[in-house]
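The residues making up each chain are set out below.
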Amino acid sequence: MDKKKKTIIAVTAIGIGMMVLVVAVAVVLWNKLNGVVDFKKEAITTKQFVSLAEEMDLETEDAYETYSKNAFVLEATLARRKDGGGQDENSYILFVKTDSEIAAQQVYEYAKEDSSMTNVPSIGNSRASRDTYVEGMNYAWFSGGSDLFYYYAAYVEDTFFYVQGPIDYKPQMEELIKRMGY
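These numbers were taken from a predicted model, which means no experiment stands behind them.

**Some words on the overall build of the chain**
Across its full length, the chain holds five helices and seven strands. When the helices and strands of the chain are read in sequence order from the N terminus, they spell out α-α-β-α-β-β-α-β-β-β-β-α. For the chain, with 182 residues in total, the buried portion stands at 40%. When the accessible surface of the chain is totalled, it reaches about 10700 Å², and 57% of it is carbon and sulfur.

**Points about the packing of aromatic side chains**
According to the stated counting rule, one finds 11 aromatic pairs in the structure shown. Ring centres 6.5 Å apart and planes at 15 degrees place the aromatic pair Phe 160 and Tyr 162 in the stacked group. This pair shows no difference in class: Phe 160 is buried, exactly as Tyr 162 is. Put simply, the rings of Phe 49, Phe 95, Trp 141, Tyr 152, Phe 161 and Tyr 182 touch in pairs and so form one group of aromatic residues. Over the ring of Tyr 139 we find Lys 41; its NZ or CZ atom is 4.8 Å from the centre of that ring.

**So, the side chain of Lys 112**
With respect to the element layout, Lys 112 can be found in helix α4 (residues 101–113). The class of Lys 112 is buried, set by a relative accessible area of 11%. A distance of 3.2 Å separates polar atoms of two side chains, one belonging to Lys 112 and the other to Tyr 133.

**Quick word on unusual backbone geometry**
Even without being a glycine, Asp 57 presents a positive backbone phi close to 65 degrees. Structurally, Asp 57 can be placed in the loop between α2 (46–55) and β1 (58–62). Of note, Glu 157 is a non-glycine position whose phi angle comes to about 50 degrees, a positive value. Following the sequence through the fold, Glu 157 ends up in the loop between β6 (149–156) and β7 (159–166). Owing to a relative accessible area of 28%, Glu 157 belongs among the partly exposed residues under this scheme.

**Side note on the environment of Asp 62**
Assignment of secondary structure puts Asp 62 in strand β1. For Asp 62, a relative accessible area of 62% corresponds to the exposed category. A distance of 2.7 Å separates a polar atom in the side chain of Asp 62 from the backbone nitrogen of Tyr 64.

**Regarding α4**
The terminal C-alpha atoms of α4, which comprises 13 residues, lie 18 Å apart, in line with the 18 Å expected from a rise of 1.5 Å per residue. For α4, the full list of buried residues reads Ala 103, Ala 104, Val 107, Tyr 108, Ala 111 and Lys 112.

**So, the packing of α2 against helix α5 (residues 170–180)**
At a minimum axis separation of 10 Å, α2 and α5 run at an interaxial angle of 140 degrees. Of the two elements, α2 crosses α5, and the hand of that crossing is right-handed. Contacts between α2 and α5 involve Phe 49, Leu 52, Ala 53 and Glu 55 from the former and Leu 176, Arg 179 and Met 180 from the latter. A per-class count over the contact of α2 with α5 returns five nonpolar, no polar and two charged.

Here is what the cut-offs are and how they apply
- Residues numbered from 1 in each chain as written.
- Predicted model: local features only at pLDDT ≥ 70, side-chain atom pairs only at ≥ 80, totals over all residues.
- Heavy atoms only, no water.
- Helix = DSSP H or I, 4+ residues; strand = E, 2+ residues; numbered from the N terminus.
- Buried < 20%, exposed > 50% of the residue type's maximum accessible area, 1.4 Å probe, protein only.
- Areas by Shrake-Rupley, 256 points an atom, 1.4 Å probe, with all protein chains shown as cover.
- Phe/Tyr/Trp six-rings, centres within 6.5 Å; stacked < 30°, edge-to-face > 60°.
- Lys NZ or Arg CZ within 6 Å of the ring centre and 35° of its normal.
- Polar contact = N/O pair within 3.5 Å; in protein donor to acceptor, adjacent residues only side chain to side chain.
- Expected span 1.5 Å × (residues − 1).
- Axes fitted to C-alpha atoms, helices over the stretch in contact; angles between N-to-C directions.
- Left-handed = near helix turned anticlockwise from the far one by under 90°.
- Contact = heavy atoms within 4.5 Å.
- Nonpolar A, V, L, I, M, F, W, Y, C, P; charged D, E, K, R; others polar.

Next comes the structure, spelled out in structure tokens:
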């Protein structure tokens, strides 16, 4: 093969490689912009949740007895503000360790589809809306609320996490969610 043909083949190979790279980057960016993120998260333990909640000045309590009627629940913990700050019986944080990722997904799907389980105004109600919904390989989460209320639900691996409370709860809860990696 002469030098000209080798050069054409090399330039063509480099061009094809660059096109593949551009397409791959475009797909990743499109997925990120559209809420499709294909990476895994690592679930935290109940002990880690309790530690994080207490670092954020929340009080925790073992709620296993309340949720143990569901055979798939291995551990359940509730957390609330120590000062009560604007809370009522509908303001709480729930962390549940289940016996499988499938069980955690089912609890999450129930929370997503049936907002009445939490006494949060209906998703279809004009006062409430689902702000964000994200799904990954071993996790999913959604958040929403109204001008008065905030809620967030997630599952990561075999854990389920749910928070709801007055809108002034949102910054503290977002910080907890960030620290948890959920």
